Every structure is written in C-alpha cells, then in structure tokens.
Amino acid sequence: MSGPAPTPIPTPLPPQTPARTARFDFLNSKPPPNYVAGLGRGATGFTTRSDIGPARAAPDLPDRSASASAAAAPGVGRGRGRAPREDDDEEKGYGENQKFDEFEGNDAGLFSSADYHDDDREADAVWEGIDQRMDSRRKDRREARLKEEIEKYRASNPKITEQFADLKRKLADLPAEEWESIPEIGDYSLRNKKKRFESFVPVPGTLLEKARQEQEHVTALDPKSRAAGGIEMPWAQTPVTDLTAVGEGRGTVLSLNLDRLSDSVSGLNAVDPKGYLTDLKSMKITSDAEISDIKKARLLLKSVTQTNPKHPPGWIAAARLEEIAGKLQAARQLIQRGCEECPKNEDVWLEACRLASPDEAKAVIARGVVSIPNSVKLWLQAAKLETGDLNKSRVLRKGLEQIPDSVRLWRAVVELANDEDARLLLHRAVECCPLHVELWLALARLETYDQARKVLNKAREKLSKEPAICITAAKLEEANGNTQSVNKVIERGIGSLQREGMDIDREAWLKEAEAAERAGSVLTCQAIVKNTIGIGVDDEDRKRTWVADADECKKRGSVETARAIYAHALTVFLSKKSIWLKAAQLEKSHGSSETLDALLKKAVKYNPQAQVLWLMAAKEKWLAGDVPAARAILQEAYAFIPNSEEIWLAAFKLEFENNEPERARMLLAKARERGGTERVWMKSAIVERELGNVNEERRLLEEGLKLFSPFYKLWLMLGQMEDRIGHEVKAKEVYENGLKHCPSCIPLWLSLASLEEKISGLSKSRAILTMARKKNPGTPELWLAAIRAELRHGNKKEADALLAKALQDCPTSGVLWASAVEMVPRPQRKGKSSDAIKRCDNDPHVLATVAKLFWLDRKVDKARNWLNRAVTLSPDIGDFWALYYKFERQHGNVDTQKDVLNRCVVAEPKHGENGKQ
C-alpha cells in the first residue's frame, strides 16, 4: 500500500568538542638532512670537525629509514574520523596527490587541522606497541645483516690508512739519506689550474700612427750637437712603446760611440773615461712632433719679422730656431737680414758673430763696430776674437778712442799691458774716468811712495765719500814704515766722511779691518778697530757688544782684529777682570809668552785684588820654567791680598812640586796661624804624609777634625793612615765616626766596606754596602762596589742579580752599564752595548767600553773615534786618556801619540779609578 513517505525524523548530532591547538612534536623528532638551526633568521652557528665527520667517503649502506617509515605508515590515522571528501580538499587548498612531508608527516600536513580524540590516541598507542613487537622480533636478523653488509663494503672499499699500513711499517727501516732525497710535493689544486681571464681589445689608430712615425728618419742634425761631437737626445720627448727595442738601440748606440771615441795606442784601445758619457748625453733624436713644433714656430717668427722688421729679438729668435732645427746656413741668412734691418742693435751683431764661421766672425764684428762705434760689448767681442795680446790691445785702444770713458775697456787694456804701460794707461784712465775709485787705487799701487800719496790725494779730492781711499792710504803708510801716520790717516778719513754726511757702518768697517789683517796690514786693522768700534754702541752695551765682536772674529780666524778689540775695550774698562781674562786666553792660544806676560803684568797692575790674574801670571811663569819669577809674583800677590787662601795654596804647590818641602811646610804653618780653612789642614797633612811623619800627620788630622768635623776628607785621610800602618781596628773606628758626621759620604762607606772585607770577609762587607744603599739610594758607586766584591769572591750569579737590581735603581748610570757590557759573555756584548747606548748615549764610561769592543774586533778607526768622544766628554778622567794613549801606542803612529799626550797635558785630568791605585 502506497502512501506518502513518512517525514524523516532528524537525528540529533553529537555535541561538538572544542577545537584544540595543533601539537608540535617536531622538537623531539630527528631533524631532516642538511638542517641548520636558525638559518632562516640568519643566526647560523659554527661547524666543528665532529659535525663534518671523517675525511673519507661514508659507506654506501642501504637506507633503512624509508622502510621504517613505510612500516609505520599504515598506523597513521587508522580508524580516525570520517573519510575525506573532494570538497574538503578544495576547501583546504590541496589535493590527494599532496607530497608527503618526511619531517612533519601526514598528521602535521594533511590532517593538521583534524581533531585528535582519545580514541585516536588509544589507537596510535596500540599500533605503536605492535610496531615495537614486530621490530624486536626482526632486530637480531637486521643487525646481523647490517654488520655483514658493512664488512663486505669495507672489504671492497678499504680506507687509505689501511691500504698503506704495510708500507708505513716499512718506513721504520728507511735510512736518513733516502728521507732527505724525497722530493717536495707541488701544489696541484684546481684553483691553481684555473685559466686567467684574458681580454682582447682592438688596437687604437693613434698607437698605430705613433708606431709609424717612430719608423721614420730625420736627416737634419743640430749644429750644437755636431760641435760637441754627438747627437743630443731629449729623453723626455722620445716616444717609448717597445722597451726591448729601446734597450737594444741604446746598446748599439753605446757600442758605436765607444768605437768612435777609442783610438789605437800601442795596439790598445784608449777611451776617455770622462768624455764619452758626456758625448752620449748630447745625442738628439728629432721626432715628427718636434718638427711640427718647429714649423709652427717658424711661421710665427716669420710673421713677427715681416710685420715688424725693426724688432731685433724677432730676428734673433728666428735665427736660433733655425739653428736648433739644424739649418745653420738659414740661421746665418736670417741674422744677416736682421743686421741689415737693425744695424744699431748690438745684440743682433753679437748673435751674427756667434753664428758666423771663425773666418767670417771678424768681418761681421768689424761691420758691427762701424755701425755702433760706442758699443762696449762689440769692442770686447772684437778683442776676444783676436789671438795675440798685442792684437787684442790694439783693438781695445781703438775702442777707447771711440769710448774713452769706458771703465771695462780701460780695465781690459790694463790687464794686457806690462807695469810701465799699465801705469801710463792708468794715468790716462783716471783723467777720462775720474769717478771710478778702482782706477785710482790701481794707479796708486803701481806708483812710488811719493807719487802714490799724490795720486791718493787727488782721488780724495775727486771722491770725497769713498772710504776705500783712506784705507789704501793707511796701508801705504804702513807698508813704508810710517806707523805713526796710520792711525792719523784712518782718523782723518773717518772724520772727513762724517763731515760729508756719510753714515759709518761699524760692521762694514770691521770687515774692512779683517780684510786688512788678511792682507798683512795689522796696524791698519788696529787703527780701523780703534776708530770705529765704538760708533753706534750705547755705553751700557759696550762691554757685551765688544766681547761678542771679539768672539766672532776669533771664530773666523781674525786674531789680530780680536786682539785690537780687546785692547780698545781694556782702555775703556781697565778694572773689568773678565775682559783681562779673555784677552789673556787669546794671547795664550794665539800669542807668544812675551805678549802674554806683558798683558798679565798690565792686568795685575790695574786689578791688584783679582787673585785669579795673579795665579795665572805665576802659573805661566812656572810652566815656562822660571820658578823664581813665579815665586816673586806670588810674594807680590801676598802684599795686595794677604788673606787669600788660594794664593797661599798656590805658593805651597809651587814649593812642594819643586822639591821644597820645608818651604811648603812653613807656608802652610803661616796659613794655619792666620785662620786657614779645612783645605789648609788637609794640605798640611799631605805634606807630612809625603815626608813620612806619621805622628805629625795624625796630630794635624786630629786637630783639623776638631775644627772641621763635617769635612769628610780629613776622616778619610786619618782612616787611610791608620790602615796604612796596620791599625785596622782604629781605622774602622775612624770610618765609623766619620760616617756619624758625614752619613752621605760615599767614599767613607766604600773605604769601610773595603776594610771590613779585608778584616771580616765578604758577609760583613756586604752588610755595610747594603746599609749604605739604604741610606743613600740611587748611588751607582755603592752598587758597583757590591758587584765587584761578589765577583772578587767568584759569586757570578749574585753579581748578576745585583747588577739587575742596580740597573733598575739607576737606569741611566753609565758606570753600571759599562760593567754590564763587560760582565756578559762576548757574543752578547754587542746587544748589551746597544742597550747601554740607548740608555745613556753621551756617557764617557759607555763610550770607552764600546771603544774596547771595537778594539778587540780590530776595528781601529771606530775604536779611535769612540775613544776620542770619551776624552772629549770627560777630559778630567785620566783613565780614558791612559786607555787612549795605550791604543795609539798599539795602532797609531808617532804623531797621533804626541797629539794624545799634548791634549792630555792641556786637559790636566785629576780623577779616575786607576789613578787612585
């Protein structure tokens, strides 16, 4: 029974569970191949060798990951949800052939948006258990098969180390000769086999044109170059494209010129060693570019000469252009046209004479002097073209007929004449040229004394403002023995110049004085200085200015001028001791003993209270060997300066050095009675020590110490006396008492340490030196004494340690650095000496030590230079002079030995370590 279909009752849908977020399990999964964390955002890490693996190919094993994935694939999504539909695929944007993602899987890719319920989780757990059970059943067979495949692969593909294992074992028996004969392996990497990129471009037309021009030849030669015997080459204008061709060409040219310059002398080839290079420099290769420039210049100069034919420089330039181009005949023709167009220009005629041949030059210059008879240059050129002096003089006299007032012509003709003719010519010359002083002076030199005076008087009338006339007159008077007139002539001449309104320049006049000194006119020099030295100088500046002038004259070697300045200064400043001393030093260096004695007598006469002048006078007499005269000078000094200790001590030294001990003792006794200082007591003790009076010496020293206890030399002398006579304990007490009064006295510390070393040994001496260094830090002498004490006892290591500390405490001590250089082994001395020079370059001890090193290396010249530097820096140290003299005795000659001795005597050295021994 049919009827209407019943309406279907809709079944209620199960409640929808809320969608949960996708689960990201990739953090716990195995990353895909070649995955680098952070690469997408640029945070890449570093790669180590463990990441790369061994440096060999990995075994080609079967990949089990694919099979494992295939086994696990059926369990994915099994029994999960409804079947997918095509509209779902279209909505989600991918189809059924979507590529499987090995890393994320289907869950993350295909079903990433599906719901994951508890039954899904339960189903996955069941399938995962089944997979593990099945995998455990096949594990043993799989591992055995994998092991077998690995062994098979390694047998067919062994490692390099395994292939050469037997050969490496045999290398143990390989001899050294075969090891050395193994060749070096080259670099056969691919990077060195890459071919460099080579590019080829078409050659420009300009380069081809330039090459064509270089192959052309020019036959025109430069007349200058032909005169010099060669061809001039302007290297800056030479085009260079093929350097090999240029080098071959230069070699060919050099060989050709050498062959041309050589000549045969006894079968040998002689070449001028100086001339051939000069001749080669004169080579000239003319290019087309230069010829083009010459053509352009020729057109320009042709336009100049045509538009303005009366312009001489145009003709001269055109002629020189043709000369440069090698067309000498065209140049002569052009300059000839220039002479015709500009007959009154002397430059054109001189150029024509230069370009003309030697035979035609005289005719050209003759036409020139006819056209311009008043041209001095043309007459001088005409005289130059003549060969003999007679012909030259004849030409010059003809010129003087045309130009009688030409000084140059008169000078030239006088130079060619003899004395008598020159005198006559000069008489005529001063008549024609009365305002030229050189003609008057030349005439005065040729005349006799009386005639010369007349000539100079006439010259003074004509030239009243010329200072050279009065200077020449003074020289004339001095040359003829009229010494009294010299000063008068200079004085009158200067007065006349001042009346004429002339300014007297003292600097210029001092130069004239030096010139007069060089000419031998000493009196004229002195007169000039006397009358001009005070001009333009203020009263308060006179002393300083005059002393400075004298020093400058001494530096220039003008001794007489400096002596004249000092003489004039002493007439103004009679009581200035400094000027007297400078004048005395000048006489001592450049004068005689008589002049020095006379000067010192004047000095003590005008300065009786200046003890330094008395002492200098007495010393000069003593050095001259006149002991009585020196004694008399000192006795005279007593009268003027009775309480001068310096004079008393000088008198004592004079008597003591001349073996007069009783006189010396009496002088010192008088000095002590008059209240002498500690130096007098010390000298008194020295006298007694030399005479051997020990008791008297002790008495004087003890009395002196009561009066002058802070004077360390008295303590030192007393301790040395006790040590000398064997009283070592008393000597120690003396040194200790002396250190109480003089704790900073280094010699006392050194003497006490030396005494303790002798009495008690090194330990006590070391303790004293340590205490001394603490109380006197930064003292290199104490460090050096401690170092030497250790070396004397063979303690080299302790000495080196002390030296290192010493150099830290005193880094610029030359004595310590010199010891450091000497203490190191010889191979290290060069480096140590370099460090010493850097630390203290101008220390004489370092210089002397370096000189010893050069001496040992047989470098004589360097050793001499360094020893000379040492004695120059410290002339007061006698050790360096002794070393220098020993060196000259071994490597020098008699002259060098005498020079060292003389310098040492002048220096008078008073210090040194070896001098104390």
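Worth saying up front: this structure is predicted, and the values here are computed from it rather than measured. (Residues numbered from 1 in each chain as written. Predicted model: local features only at pLDDT ≥ 70, side-chain atom pairs only at ≥ 80, totals over all residues. Heavy atoms only, no water.)

On a plain count of helices and strands, the chain comes out with 49 helices and 2 strands. In the chain, which comprises 917 residues, the share counted as buried stands at 32%. Restricting the contact set of the chain to residue pairs at least 6 apart, pairs at least 24 apart contribute 52%. Taken as a whole, the chain presents about 59500 Å² of accessible surface, with 53% of it coming from carbon and sulfur. (Helix = DSSP H or I, 4+ residues; strand = E, 2+ residues; numbered from the N terminus. Buried < 20%, exposed > 50% of the residue type's maximum accessible area, 1.4 Å probe, protein only. Contact = heavy atoms within 4.5 Å. Areas by Shrake-Rupley, 256 points an atom, 1.4 Å probe, with all protein chains shown as cover.)

In this structure, serine 406 sits in the loop between α19 (389–402) and α20 (407–416). Judged by its relative accessible area of 6%, serine 406 falls in the buried class. Of the polar contacts made by the side chain of serine 406, one reaches the backbone nitrogen of leucine 409; its length is 3.4 Å. (Polar contact = N/O pair within 3.5 Å; in protein donor to acceptor, adjacent residues only side chain to side chain.)

Our next topic: a positive patch on the surface. A contiguous patch of positive charge, built from Arg133, Arg137, Arg138, Arg141 and Arg145, is present on the exposed surface. Following the sequence through the fold, arginine 145 ends up in helix α5 (residues 118–156). When its relative accessible area of 39% is taken as the criterion, arginine 145 is described as partly exposed. (Patch = residues over 30% accessible without salt bridge, like charges linked within 9 Å, V, L, I, M, F, W, Y side chains within 5 Å. Salt bridge = Lys/Arg side-chain N within 4 Å of Asp/Glu carboxyl O. Lys, Arg positive; Asp, Glu negative; His and termini not counted. Charge placed at Lys NZ, Arg CZ, Asp CG, Glu CD.)

For the coordinates displayed, the defined rule picks out 1 cavity of 30 Å³ or more. Reported here for the largest cavity is a volume of approximately 60 Å³. Lining the largest cavity are Arg460, Leu463, Ser464, Glu466, Ile469, Cys470, Gly493, Ser496 and Leu497. Elements with a contribution of two residues or more to the lining of the largest cavity: α24 (467–479) and α25 (483–499). (1 Å grid on protein atoms, 1.4 Å probe; cavity = no way out; pocket = protein on both sides within 12 Å on 5 of 7 lines; lining within 4 Å. Points joined across faces, edges and corners; volume = space filled by probe spheres on them.)

On to the nonpolar core, then. Within the largest apolar cluster, 127 residues are counted, with the highest numbers of intra-cluster contacts made by Trp410 and Trp509. Setting aside chain neighbours within four positions, we find tryptophan 410 in contact with Leu400, Pro404, Leu425, Arg428, Ala429, Cys432 and Cys433. (Core = buried A, V, L, I, M, F, W, Y, C linked by side-chain atoms within 4.5 Å.)

Turning our eyes to something else, we now look at helix α21 (residues 419–432). Between the first and last C-alpha of α21 there are 20 Å, a value that for 14 residues agrees with the 20 Å anticipated at 1.5 Å per step. Considered for burial, the residues of α21 that qualify are Ala422, Leu425, Leu426, Ala429, Val430 and Cys432. All buried residues of α21 fall inside an arc of 145 degrees around its axis, so they share one side. Buried-residue contacts for α21 involve α19, α20 and α22 (437–446). (Expected span 1.5 Å × (residues − 1). Arc of directions from axis to C-beta.)

Mapping cysteine 353 onto the fold places it in helix α16 (residues 346–355). As for cysteine 353 and isoleucine 335, which are separated by 18 residues in sequence, their C-alpha atoms are 9.5 Å apart. Apart from the residues lying within four places of it in its own chain, the contact partners of cysteine 353 are Ala361, Val364, Ile365, Gln381 and Leu385.

Close contact between helix α35 (residues 661–673) and helix α36 (residues 678–691) brings their axes to 10 Å; oriented N to C, the two are set at 155 degrees. With respect to each other, α35 and α36 are oriented roughly antiparallel. In this structure, α35 crosses over α36, and the sense of that crossing is left-handed. Together, Pro661, Arg665, Leu668, Ala671 and Arg672 of α35 and Val680, Trp681, Lys683, Ser684, Val687, Glu688 and Leu691 of α36 make up the contact between the two elements. (Axes fitted to C-alpha atoms, helices over the stretch in contact; angles between N-to-C directions. Parallel < 35°, antiparallel > 145°, perpendicular 65-115°, else oblique. Left-handed = near helix turned anticlockwise from the far one by under 90°.)

Moving on to the pattern of salt bridges. Using the criterion set out here, one finds 45 salt bridges in the structure. Note that lysine 601 and aspartate 597 form a salt bridge whose closest N and O atoms lie 3.6 Å from each other. One end of the pair is lysine 601 and the other is aspartate 597, both in helix α31 (residues 593–606) and 4 residues apart, which spans about a single turn. Linked through salt bridges whose partners overlap, the residues forming this network are Arg320, Glu323, Glu351 and Arg354.

Following both chains from N to C, one finds α16 and helix α17 (residues 358–371) inclined at 170 degrees, their axes separated by 8 Å at the closest point. Taken together, the axes of α16 and α17 lie roughly antiparallel to each other. Residues Trp349, Leu350, Ala352 and Cys353 of α16 lie in contact with α17, whose contacting residues are Ala361, Val364, Ile365, Arg367, Gly368 and Ser371. Of the residues in the contact of α16 with α17, the class split is 7 nonpolar, 2 polar and 1 charged. (Nonpolar A, V, L, I, M, F, W, Y, C, P; charged D, E, K, R; others polar.)

Our next topic: the packing of aromatic side chains. Here the structure, examined in full by the defined rule, presents 8 aromatic pairs. Note on tryptophan 614 and phenylalanine 640: the rings are 5.6 Å apart at their centroids and 25 degrees apart in plane angle, and the pair reads as stacked. Pair noted here: tryptophan 614 is in helix α32 (residues 611–623) and phenylalanine 640 is in helix α33 (residues 627–640), with a separation of 26 residues, a long-range link. In this structure phenylalanine 640 comes out as partly exposed when scored by relative accessible area, which is 38%. Ring geometry for phenylalanine 711 versus tyrosine 712: centroids 6.4 Å apart, planes at 50 degrees, classification tilted. (Phe/Tyr/Trp six-rings, centres within 6.5 Å; stacked < 30°, edge-to-face > 60°.)

Moving on, we come to the state of the cysteines. Counted under the stated rule, the structure contains 0 disulfides. Take cysteine 339: it sits in no disulfide, and the sulfur closest to it among the cysteines is that of cysteine 342, at 8.5 Å. (Disulfide = S-S within 2.5 Å.)

Time to look at a nonpolar patch on the surface. A cluster of nonpolar side chains, contributed by Val126, Ile130 and Met134, occupies part of the molecular surface with about 230 Å² of accessible area. Judged by its relative accessible area of 39%, isoleucine 130 is partly exposed.

All right, on to the confidence of the model for the chain then. Of the residues in the chain, 78% have a pLDDT of 70 or more, and the chain-wide mean is 78. Per-residue pLDDT stays below 50 along residues 218–241; that stretch engages in 56 contacts with residues further than four places along the chain or on separate chains. (pLDDT = per-residue confidence, 0-100.)

Take helix α14 (residues 312–324) next. Helix length check: α14, at 13 residues, gives a terminal C-alpha distance of 19 Å against a target of 18 Å (1.5 Å per residue), a fit within 8%. Residues Pro312, Gly314, Trp315, Ile316, Ala318, Ala319, Leu321, Glu322 and Glu323 constitute the buried set of α14. A positive phi of about 90 degrees marks glycine 326, the residue just after α14.

Right, let's talk about the side chain of threonine 524 for a bit. Take threonine 524: it is sitting in helix α27 (residues 522–532). The class for threonine 524 is buried, based on a relative accessible area of 0%. The contact partners of threonine 524, leaving out residues within four places of it in the chain, are Ile471, Ala474, Lys475, Glu478, Val486, Ile490 and Ala516.

Another aspect to go through is the environment of valine 547. When you line up the elements, valine 547 lands in helix α28 (residues 542–555). Residue valine 547 is classed as buried on the basis of its relative accessible area, which comes to 15%. Separated by 35 residues in sequence, valine 547 and lysine 582 have C-alpha atoms that sit 8.6 Å apart. In contact with valine 547, other than residues within four places in its own chain, are Ile579 and Lys582.

Our focus in this paragraph is unusual backbone geometry. You will see that asparagine 659, though not glycine, has its phi angle at about 60 degrees, which is positive. Within the element layout of this structure, asparagine 659 appears in the loop between α34 (645–657) and α35. On the basis of relative accessible area, asparagine 659 is assigned to the exposed category, the value being 66%.

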